[in-house]
Amino acid sequence: MALFVKKFGGSSVASPEKMRHIAERVLKDKKPEDRVVIVVSAMGDSTDDLLHLARQVSPRHYGREMDMLLTTGEQVSVALMAMTFIEMGVPAVSMTGAQAGIRVSGSFGKGCIREIHPERIFHALEEGKVVIVAGFQGETEEGDLITLGRGGSDTTAVALAGALKADMCEIYTDVDGIYSADPRCVPDAVKMKDITYMEMLEMARLGAGVMQPRSVEMGSRYQIPIHVRSTFTDDEGTVIREKILTEGSKYMITGVAQDADTAKVAVLGVKNQPGVAHMLFSALAESHIVVDMIVQSVREIHDDKTDMIFTISRNDLDDTREVLCRLQAEGRISDVVYNDKVAKVSIVGAGMLGSPGAAAEMFGALGDAGINIDIISTSEISISCLIGEKDMTKAVRAIHARFFAGH
Ligand code: ADP
Ligand code: ASP
Ligand code: MG
């Protein structure tokens, strides 16, 4: 008897017909003794539609009320999905995140799953029901509803698979696996049979939106293999696991990622003395703003001022402005320049570790394409360049062509 957690993303549940297709597929694959928990996202673009609706009411971001609003998207999906199964004569029950025992901490819009109390799910499974859980949400200690960040249904699915000790976590989506770049941007990207948690986490962190980074982290922590595959075909997808089973890759890198959700902030002319970086970045951290690339520039040798340049998510731009305006009012910093017309392109691959040529190849590809690099940052298994947003697609294609030529 196996237990499966299957997650279906927004485009997979975009209409009642698609929900029926999913139910038929789940039932076709299910052996009579198998137990199935399904996690669903909000239908189609409905999370974006809800965000748009809120903006019509107020330009301000009301965290608690926003999460109250956004969690309704997934609630619509679970109810309709359960009705679909019941109409087909199969017992099923829908659950919100709270009803499924998903306890979350953190700030609104950025919740982290802390623990899962799966008793109610187990009980429903024992009754022979297909259990359908709302992705992207959970309940705080205070009983508030809270969301897990965009793409958070992936994390709900993997965390549930961990808590239920599922045999497999399957992520059904509108692509048939993980590719060496977003196939919407690079049509000849290479599909992978498998990829390690470590590399997938880095790809996701650097913008490959196919999986929420926290879900990959969760898979690694609980050692749950995650099978990413298409809702619309039966083809095998890509398995994310600890160690890859396929033979060594012939490419120097594993993939190219892109991220347009980035903005550059330059705090100009701050005093170059001990404690300045701490003052600036602790003020941002207190407001839960995650800072990504950081550069402190070198000025003239006798100049006692420095520029601090860093990148953040565009969603945090308003909060960052608020923090920096406060520091300006207190006289702790002077000029600040914001630029949200930037994007980050990255190469990822554990194989880069011992091969010095990867950075040169990447910069060469960008240079040949006439694309200027603004900031460079590296990790053990990735190299990222900040460039102009208008050049993002061109950059990804040029870099991909350089590393995956003639495949
Ligand atoms: P869902 O609604 O099912 O969660 P998402 O839109 O969140 O789907 O994720 C699937 C999308 O991720 C694909 O349509 C694809 O454009 C994008 N994507 C980005 N990078 C990659 C990659 N390296 N491999 C596959 N898909 C990717
Ligand atoms: N509906 C949410 C979003 O659009 C969660 C998800 O799709 O995973 O981000
Ligand atoms: Mg998604």
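Data block above holds the structure.
An account of the accompanying structure is given in this report.

Conventions adopted
- Residues numbered from 1 in each chain as written.
- Chains lettered and ligands numbered in written order.
- Predicted model: local features only at pLDDT ≥ 70, side-chain atom pairs only at ≥ 80, totals over all residues.
- Heavy atoms only, no water.
- Helix = DSSP H or I, 4+ residues; strand = E, 2+ residues; numbered from the N terminus.
- Rg over C-alpha atoms; globule rule 2.2 N^0.38 Å.
- Buried < 20%, exposed > 50% of the residue type's maximum accessible area, 1.4 Å probe, protein only.
- Contact = heavy atoms within 4.5 Å.
- Areas by Shrake-Rupley, 256 points an atom, 1.4 Å probe, with all protein chains shown as cover.
- Lys, Arg positive; Asp, Glu negative; His and termini not counted.
- Charge placed at Lys NZ, Arg CZ, Asp CG, Glu CD.
- Near = heavy atom within 4 Å.
- Polar contact = N/O pair within 3.5 Å; in protein donor to acceptor, adjacent residues only side chain to side chain.
- Nonpolar A, V, L, I, M, F, W, Y, C, P; charged D, E, K, R; others polar.

**Thoughts on the overall build of the chain**
- Scanning the chain for helices and strands turns up 11 helices and 20 strands.
- Its C-alpha atoms give the chain a radius of gyration of 23 Å, within 12% of the compact-globule value 22 Å for 407 residues.
- Its C-alpha atoms put the chain at 80 × 55 × 35 Å along the principal axes.
- Every one of the 407 residues in the chain was classed for burial, and the buried ones make up 50%.
- Put simply, of all contacts in the chain between residues at least 6 apart along the chain, 75% involve residues at least 24 apart.
- Approximately 19,200 Å² of the chain is accessible, and the part contributed by carbon and sulfur atoms is 52%.
- Distance from the positive charge centre (43 side chains) to the negative charge centre (57 side chains) of the chain: 1 Å.

**A few points about the site of ligand 1**
- Near ligand 1, the surroundings consist of 18 residues, among which Thr-173, Asp-174, Tyr-179, Asp-182 and Arg-184 are the closest.
- Separating an oxygen atom of ligand 1 from a side-chain N or O atom of Lys-7 is a distance of 3.0 Å.
- Interatomic distance of 3.2 Å between a backbone N/O atom of Gly-10 and an oxygen atom of ligand 1.
- Protein coverage of the free-state accessible area of ligand 1, which is 580 Å², stands at 85%.
- Per-class residue counts for the shell around ligand 1 are 8 nonpolar, 6 polar and 4 charged.

**Thoughts on the site of ligand 2**
- With respect to spatial proximity, the complete set of residues near ligand 2 consists of Ser-41, Ala-42, Thr-47, Glu-74, Phe-136, Arg-150, Gly-151, Gly-152 and Ser-153.
- Contact distances for ligand 2 include 2.7 Å between a nitrogen atom and a side-chain N or O atom of Glu-74.
- A distance of 2.7 Å is found between an oxygen atom of ligand 2 and a side-chain nitrogen or oxygen belonging to Arg-150.
- Burial of ligand 2 by the protein chains amounts to 86% of its free accessible area of 260 Å².
- A per-class count over the shell around ligand 2 returns 2 nonpolar, 5 polar and 2 charged.

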